[in-house]
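Okay, here's what each chain looks like letter by letter:
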Amino acid sequence: MSAAPCMLPLAEAAALIAARRLSPVELLSDCLARIAALEPRLNAFIRLLEQEAMAEARAAEAEIARGGPRSALHGIPVGLKDIIDLAGHPSTCHSRLRLDHVAEADAAVVARLREAGAVFPGKLATHEFAIGGPCFDLPFPPARNPWNPAHHPGGSSSGSGAAVAARMLPAALGTDTGGSVRHPATHCGLVGLKPTYGLVSRRGVFPLAFTLDHVGPMTRTVRDNALLLGVMAGPDAEDPGSAMREAEDYTRDLHRGVKGLRIGFIRHFHEADMPASPEVAAALEAAARLLAAEGATIRDVTLPPLGEFAAVNRAILGAEAAAVHETWLRERPGDYAHLTRRRLLPGMFVSGADYVQAQRRRTQLVAAVEAAFAEVDLLLSASSMDPACRIDDAAEVDRTYSRQARTPFNVTGHPAISVMCGISRAEGLPLGLQLVAPAFAEALLYRAAAGYERAAPWREMAPAPF
Amino acid sequence: MAAQPVTPQDEQAAVLARAAGLDRAWAGHRADVEEAVAVAARLRTGFARPADPAVEPTPAHRAPAARP
């Protein structure tokens, strides 16, 4: 083993652990050293759980020595966005409103990871209650982008993105209601998946919007992501939105490449509806050419305008989030960050009729995307329209955060993945694309993403040490 | 300092804030509430209303499963 353990992707670390050439204690120790070195500039963690994680790693080491690993995740450190419950520890949601809340039980997805032998080194920064943006008026500072700490890392799963990109952790969980796994994945050069709605249980995860919330894996490679989803997915009778669908081996088609796949390119999202920055547009065109060179057929696909998907998402998200936050908005409005309050308050003024109209239009938008999948196997689109801006430029954060094409697939529930597809010349920050598949076709999505990842040069790129 | 003139929009926002139970937010963060009223109003025209009265919302309501 030549690379430092913390630099290994999950699958490579797991293979070395299975071969007894790397111990979970050694891996965790190296991750903790990396965290100690970089955390002061990145603010990825809200709570570091060194002692508890080390005990878990020692237990994993002993068990693996006796009988081999339980799964590919046995002894692997996985970070948790701090709206995901870890028994016995606070889930603060990065908010002073939840500083005192201690989770009594693991979230369902954490229980699955624990059963598989994962280790939990800490709770990670988020935008407050998974909405808003980077804020400086909260009890914890906002996470920063490891590629350039002067820039934001995307969000709301900001600490998850920062920690994995900085090689502090091989993997982390995020949540995605309007793009919050794919956004930091895009800006941190990672792989981030929003699974099909209901494939991963939301039980024990603080809600933002019940019908739009998803829990998703964030990793450095497509294979790592598929391995993690294979443990996270599965039925949960106690989650009313659970699809009650068993997990699959999502790695099964990673080797097959994109040859023969029909990919619909939703160009109008970033060309007409919300024009992307020139280098994002160029990176998407280059990615489409590469996919074609690898044997995929690329054709244009037209969906309803991006702005309409976004408006439906905002109406639904606003009303559902207002239902969650109503009491606090009425009684403790000053305890939110200014930006969070601005994002949550509009939901208090969405009428019942508007909410139902948005849900009715949603039915038609789902049908429009389903109709596209009658003609193509996958969809390709922009993720963010711009590279990550400076974190201290509130006006630019405000302007660029909503310039994205991720919300359509929170509205429709289809699985969507962000993969790195370039690097901005001016700032040296990652750019990302988005691939979308029919419901529950995550294996197909991973196949295409892995084919692109192998053909493109981006996987080997990492933030420079700072 | 002279008091700000009260416009019909101000009065409307104040009424809406009271109706939503946001008296404290109105008192302490009035600009945020006014912005929220405007944002919500814009959302109303941000997407097409289905013309077919029979279009159901997503997700459709379902009765609990039958007992065995």
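Check the entry above for the structure.
What counts, and at which threshold
Residues numbered from 1 in each chain as written. Chains lettered and ligands numbered in written order. Predicted model: local features only at pLDDT ≥ 70, side-chain atom pairs only at ≥ 80, totals over all residues. Heavy atoms only, no water. Helix = DSSP H or I, 4+ residues; strand = E, 2+ residues; numbered from the N terminus. Rg over C-alpha atoms; globule rule 2.2 N^0.38 Å. Buried < 20%, exposed > 50% of the residue type's maximum accessible area, 1.4 Å probe, protein only. Lys, Arg positive; Asp, Glu negative; His and termini not counted. Charge placed at Lys NZ, Arg CZ, Asp CG, Glu CD. Expected span 1.5 Å × (residues − 1). Bend = angle between axes of the 7 residues up to and from the residue. Pairing = 2+ DSSP bridges. Axes fitted to C-alpha atoms, helices over the stretch in contact; angles between N-to-C directions. Contact = heavy atoms within 4.5 Å. Polar contact = N/O pair within 3.5 Å; in protein donor to acceptor, adjacent residues only side chain to side chain. Salt bridge = Lys/Arg side-chain N within 4 Å of Asp/Glu carboxyl O. Parallel < 35°, antiparallel > 145°, perpendicular 65-115°, else oblique.

Examining the overall build of chain A
So, step 1. Helix and strand counts for chain A stand at 15 helices and 11 strands.
So, step 2. What you see for chain A is a C-alpha radius of gyration of 20 Å, in line with the 23 Å of a compact globule of 466 residues.
So, step 3. A total of 466 residues make up chain A; the buried ones form 65% of that total.
So, step 4. Once the 47 positive and 51 negative side-chain charges of chain A are each reduced to a mean point, those two points are 3 Å apart.

Structural notes on helix α10 (residues 306–331) of chain A
So, step 1. Compared with the 38 Å implied by 1.5 Å per residue over 26 residues, the 36 Å span of α10(A) between its first and last C-alpha is a close match.
So, step 2. His325(A) marks where α10(A) bends most, by close to 70°.

Topic: the sheet that holds strand β8 (residues 297–300) of chain A
All names here are of chain A.
So, step 1. Strand order in the open sheet formed by 11 strands is β1-β3-β2-β4-β6-β5-β10-β11-β9-β7-β8, and the pairing between neighbours is mixed. The strands lining the two open edges of the sheet, one partner per strand, are β1 (45–48) and β8. Ignoring which end each strand starts from, the neighbouring axes of this sheet average 30° apart.
So, step 2. Of the pairings in the sheet, the one linking strand β7 (residues 262–265) to strand β9 (residues 378–382) comprises 3 bridges and is parallel in character. Directly across from Phe265, in β9, lies its bridge partner Leu380.
So, step 3. Where helix α5 (residues 158–165) meets the sheet, its contacts fall on β1, β2 (78–81), β3 (122–124), β4 (171–176) and β6 (214–219), and the angle it forms with β4 comes to roughly 155°.

Details of the side chain of Asn43(A)
Residues and elements named next belong to chain A.
So, step 1. Mapping Asn43 onto the fold places it in the loop between α2 (24–42) and β1.
So, step 2. Looking at Asn43, the relative accessible area reads 16%, which means it is buried.
So, step 3. Here the side chain of Asn43 touches Pro142 through a polar contact of 3.2 Å, landing on its backbone oxygen.
So, step 4. Among residues more than four places away in sequence, those in contact with Asn43 are Ala125, Pro141, Pro142, Ala143 and Arg144.

Section: the pattern of salt bridges
All names here are of chain A.
So, step 1. The final tally for this structure, using the stated rule, is 30 salt bridges over all chains.
So, step 2. For the salt bridge of Arg399 with Glu396, the shortest nitrogen-to-oxygen distance reads 2.8 Å. Here Arg399 pairs with Glu396, and both are found in helix α13 (residues 394–401), just 3 residues apart, close to one helical turn.
So, step 3. Classification of Arg399 as partly exposed rests on a relative accessible area of 42%.
So, step 4. Taking relative accessible area as the criterion, Glu396 reaches 23% and is therefore assigned partly exposed.

Observations concerning the packing of helix α1 (residues 8–19) of chain B against helix α3 (residues 30–44) of chain B
Packed helix pairs are characterised by how far apart their axes lie and by the angle those axes make with each other.
All names here are of chain B.
So, step 1. In the contact formed by α1 and α3, the axes pass within 10 Å of each other and the chain directions differ by 95°. One element, α1, and the other, α3, form an angle in the roughly perpendicular class. Contacts between α1 and α3 involve Asp10, Ala13, Leu16 and Ala17 from the first element and Arg30, Val33, Glu34 and Val37 from the second.

Concerning the environment of Arg299(A)
All names here are of chain A.
So, step 1. Inspection of the secondary structure assignment puts Arg299 in strand β8.
So, step 2. Along the backbone, Arg299 and Ile266 are 33 residues apart, and their C-alpha atoms lie at a distance of 8.8 Å.
So, step 3. The residues touching Arg299, leaving out its near neighbours within four places in the chain, are Ile263, Gly264, Phe265, Glu375 and Val376.

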